Amino acid sequence: GIFVYLKAIRLLLERYGEAAFGDTRFCFILANDPKAQKDKFLSLVKEYGLEGKVIVRDPVERERLSAMLPQALAVVVPSITEGFGYSAVEACALGAPLIHSDGGSLPEVVYGRRLPFRNRDSGDLCEKLWQVISGTAQFRQIPAKEFSPQAMVAAVDGWPRPPSALGCRAKVAG
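Residues numbered from 1 in each chain as written. Predicted model: local features only at pLDDT ≥ 70, side-chain atom pairs only at ≥ 80, totals over all residues. Heavy atoms only, no water.

**Student:** What should I look at first to understand the packing of aromatic side chains in this one?
**Tutor:** Geometrically, a pair of aromatic rings is defined through the distance of the ring centres and the angle of the planes. All told, the structure shown has two aromatic pairs when counted by the stated rule. Both rings, one in Phe84 and one in Tyr86, keep their centres 4.8 Å apart while their planes meet at 45 degrees; by these two values the pair is tilted. A relative accessible area of 21% means that Phe84 is categorised as partly exposed. When the ring centre of Phe139 is taken as origin, the NZ or CZ atom of Arg113, which lies over that ring, is 4.6 Å away. (Phe/Tyr/Trp six-rings, centres within 6.5 Å; stacked < 30°, edge-to-face > 60°. Buried < 20%, exposed > 50% of the residue type's maximum accessible area, 1.4 Å probe, protein only. Lys NZ or Arg CZ within 6 Å of the ring centre and 35° of its normal.)

**Student:** Honestly, helix H2 (residues 35-47) in this entry has me stumped. Any pointers?
**Tutor:** Along an α-helix, a turn takes 3.6 residues, which lines up residues three or four apart on a common side. A rise of 1.5 Å per residue sets the reference length of H2, with its 13 residues, at 18 Å; its end C-alpha atoms lie 18 Å apart and thus fit the reference within 8%. Turning to H2, its buried residues are Lys38, Phe41, Leu44 and Val45. Each buried residue of H2 lies within a common arc of 120 degrees when the element is viewed along its axis, so the set occupies one face. Opposite the buried face of H2, by more than 90 degrees, sit the exposed residues Lys35, Ala36, Lys46 and Glu47. Immediately beyond the C-terminal end of H2, within one or two residues, lies Gly49, with a positive phi of roughly 70 degrees. (Helix = DSSP H or I, 4+ residues; strand = E, 2+ residues; numbered from the N terminus. Expected span 1.5 Å × (residues − 1). Arc of directions from axis to C-beta.)

**Student:** Would you mind showing me how to read the layout of surface pockets here?
**Tutor:** In this structure, the largest pocket occupies an estimated 1300 Å³ of space. Surrounding the largest pocket, 41 residues form its lining, Cys27, Phe28, Ile29, Val75 and Val76 being those nearest its centre. Looking at the lining of the largest pocket, the elements that each hand over two or more residues are helix H1 (2-16), strand S1 (26-29), H2, strand S2 (54-57), helix H3 (62-68), strand S3 (75-77), helix H4 (86-93) and helix H6 (122-134). Tallying contributions element by element places S1 first for the lining of the largest pocket, with four residues. (1 Å grid on protein atoms, 1.4 Å probe; cavity = no way out; pocket = protein on both sides within 12 Å on 5 of 7 lines; lining within 4 Å. Points joined across faces, edges and corners; volume = space filled by probe spheres on them.)

Here is the structure:
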């Protein structure tokens, strides 16, 4: 996922040139483990010549992150596959505009101001980033979603169902 994003930034620079970005910088907050993956990312930043455009930060405390995300032009979640999307939902809950892939569960869980791009398509992500930078992005406004266990169970039509309705046989010990 994150390498798709880095490739998209490189495409942005190739297509629109450094001058088109003005003071725009891309900030990545990366975990320190696994170290090899972070080192690979840092080497690609250097290889792509993005040192002046990409800022890499170590993980920040939750309070600081909660203050940082809403200030961003957009938070990008380029996940290729995603089981739930905690980082995306966190950005939504903080009111940050979100650019996200249409991979995995992301289309189902994100809300607020969102701008999806085709999964694994760095060119489409590049275009979405350019739209945000140039002020032409048309974010979709999706109503807030509730993720309590009760809300998720209620969202599934007809649940809870008895095991027999699912073709299961209950085995009673005794």
